[in-house]
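Chains, contacts and geometry: an overview
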Amino acid sequence: MTAGFPALRMRRLRSHPALRDMLVETVLEPRHLVLPLFVVPGEGVEEPIPSMENVNHWSVDRLSRIVQPALDAGVKAFILFGLPTYKDALGTSAADADQPTQRACSFLRERFPQAYCITDVCLCQYTDHGHCGHLTPEGEVDNDSSLEQLARASVSHARAGAHMVAPSDMMDGRVGRIRAALDEAGFSGTAIMSYAAKMSSAFYGPFRDAAESAPKSGDRKSYQMPPGNAREALREALLDEDEGADLLMVKPALTCLDILARLREKTLLPLACYLVSGEYMMLRSAIAGGLLDEGAALLEAHRACRRAGADLIITYEALNLARRL
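Residues numbered from 1 in each chain as written. Predicted model: local features only at pLDDT ≥ 70, side-chain atom pairs only at ≥ 80, totals over all residues. Heavy atoms only, no water.

This brings us to a nonpolar patch on the surface. On the surface, a cluster of nonpolar side chains totalling about 320 Å² of accessible area is made up of Leu-13, Met-22 and Leu-23. Looking at where Leu-13 falls in the secondary structure, it is placed in the segment before helix H1 (17-22). Residue class for Leu-13 comes out partly exposed when judged on its relative accessible area of 47%. (Patch = residues over 30% accessible without salt bridge, like charges linked within 9 Å, V, L, I, M, F, W, Y side chains within 5 Å. Areas by Shrake-Rupley, 256 points an atom, 1.4 Å probe, with all protein chains shown as cover. Salt bridge = Lys/Arg side-chain N within 4 Å of Asp/Glu carboxyl O. Helix = DSSP H or I, 4+ residues; strand = E, 2+ residues; numbered from the N terminus. Buried < 20%, exposed > 50% of the residue type's maximum accessible area, 1.4 Å probe, protein only.)

As structure tokens, this is what we get:
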């Protein structure tokens, strides 16, 4: 039988700073962080995003001003969200080689070969209606026709230099179709990080302002997941694994730590989570109000993601946190 108090004293293992440091179970380092970048058309653009503190819109020619400091701090990976020069009903600009995402990929590969370039693949910021897929005449999102445009966009990103594409649309079958398209185009080495369990969340508002991707009508509940359905989330993620995903993502991060932990027990694939814009601004607002210590709060929130099973954390705090670490 296990001895109890007073023979057993758990505080012995916490009694000295050196011992506490040696026995840390969950490690958070800059290499675990991925920095999102919002890239826009034009030149000389470095504009604050009103709804997201300390986050900017960047034109491709200004990316060095954020990428170099992040690399210096130990952040190795970046995920690109592009705002296009034009929109239409089919999101055709998503596969246009001259759009900001593709231009940013080429820039990063040429200027910063040590950086790992991930691209978000979706249609919401490229369609004039703001949905993540094509619409039928009745206004419903057409799953199967959307897959072809998502595949074309993924191949376009790979041609521009993306190391990894990250489909975030939540259409059925998109991982398999993108994997096939990449392989057919000669990009079998391009990895896929699937937004595998992406909830229909209240915490996306600031991002939709930043990416100009809010739907003009309706909502995304027919394709994004019900936040209360953990079993369904696990099914979605494991289906993406079967279709060929190399890495699975859970989104949002802090409100889905239970799903992240349960998925960690179901798969051997690497896992990512996305500490999304609303979660980010919730923390920033509490810090700005003097309610939280910045360093301690950011460390605790991101370490919770690692403790739940995340190998990578996509976070707007990547540069700030890496410097603190």
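This part is about the nonpolar core. The biggest cluster of nonpolar side chains holds 106 residues, and the ones touching the most others in it are Leu-37, Phe-38, Leu-63, Val-67, Ile-79, Met-193 and Tyr-274. The element contributing the most residues to this core is helix H4 (residues 143-160), with seven residues. Discounting chain neighbours no more than four positions away, the residues touching Tyr-274 are Pro-36, Phe-81, Tyr-195, Phe-207, Met-249, Val-250, Lys-251, Pro-252, Ala-253, Glu-279, Ile-314 and Tyr-316. (Core = buried A, V, L, I, M, F, W, Y, C linked by side-chain atoms within 4.5 Å. Contact = heavy atoms within 4.5 Å.)

Attention shifts here to the packing of aromatic side chains. Under the definition given, this model contains eight aromatic pairs. The interplanar angle of 65 degrees and the centroid separation of 6.3 Å between the aromatic rings of Phe-107 and Phe-112 together place this pair among those described as edge-to-face. Of the two residues examined, Phe-107 and Phe-112, each falls in the buried class. One aromatic cluster is present, built from ring pairs that chain together Phe-38, Phe-81, Phe-207, Tyr-274, Tyr-280 and Tyr-316. One residue, Lys-251, lies across the ring of Tyr-204, its end atom 4.8 Å from the ring centre. The lysine or arginine in question, Lys-251, covers the ring of Phe-207, its NZ or CZ lying 5.5 Å from the ring centre. (Phe/Tyr/Trp six-rings, centres within 6.5 Å; stacked < 30°, edge-to-face > 60°. Lys NZ or Arg CZ within 6 Å of the ring centre and 35° of its normal.)

A word on the pattern of salt bridges. Opposite charge on two side chains permits pairing when their charged atoms draw close. Summed over all chains, the structure comprises 13 salt bridges. In this structure, the salt-bridge partner of Glu-46 is Arg-65, at a minimum N-O distance of 2.5 Å. Of this pair, Glu-46 sits in strand S2 (residues 46-49) while Arg-65 is found in helix H2 (residues 64-72), placing the two residues 19 residues apart along the sequence. Take Glu-46: its relative accessible area is 28%, and that puts it in the partly exposed class. Put simply, Glu-53, Arg-284, Glu-294, Glu-317 and Arg-324 are held in one network by salt bridges that share partners.

Further remarks concern a positive patch on the surface. On the surface, Arg-9, Arg-11, Arg-12 and Arg-14 cluster together to form a positively charged patch. By the element assignment, Arg-12 lies in the segment before H1. (Lys, Arg positive; Asp, Glu negative; His and termini not counted. Charge placed at Lys NZ, Arg CZ, Asp CG, Glu CD.)

This next bit is on the pairing of strand S12 (residues 312-315). Direction of pairing for strand S1 (residues 33-40) relative to S12: parallel, over a ladder of two bridges. Paired with Leu-33 across the two strands is Ile-313, which belongs to S12. In the sheet, strand S11 (residues 271-275) pairs with S12 via four bridges, with the strands oriented parallel. Within the sheet, the bridge partner assigned to Tyr-274 lies in S12 and is Ile-314. (Pairing = 2+ DSSP bridges.)

This part covers unusual backbone geometry. Note the cis peptide between Phe-5 and Pro-6, where omega equals 10 degrees. In this fold, Pro-6 is placed in the segment before H1. Here the residue pair Lys-251 and Pro-252 is connected by a cis peptide bond, since its omega of -5 degrees sits within 30 degrees of zero. Relative to the elements of secondary structure, Pro-252 occurs in the loop between strand S10 (247-251) and helix H8 (257-264). Positive phi values are uncommon outside glycine, yet Asn-54 reaches one of about 65 degrees. With respect to the secondary-structure elements, Asn-54 resides in strand S3 (residues 52-59). The phi dihedral of Met-170 is positive, around 70 degrees, even though this residue is not glycine.

Helix H5 (residues 174-184) packs onto H4 with a crossing angle of 45 degrees between their chain directions and a minimal axis gap of 9 Å. With respect to H5, the axis of H4 lies oblique. Remark: the crossing between H4 and H5 carries right-handed chirality. Contacts from Leu-147, Glu-148, Leu-150, Ala-151, Ser-154, Val-155 and Ala-158 in H4 reach Arg-174, Arg-177, Ile-178, Ala-181 and Leu-182 in H5. Residues belonging to the contact of H4 with H5 are distributed by class as follows: eight nonpolar, one polar and three charged. (Axes fitted to C-alpha atoms, helices over the stretch in contact; angles between N-to-C directions. Parallel < 35°, antiparallel > 145°, perpendicular 65-115°, else oblique. Left-handed = near helix turned anticlockwise from the far one by under 90°. Nonpolar A, V, L, I, M, F, W, Y, C, P; charged D, E, K, R; others polar.)

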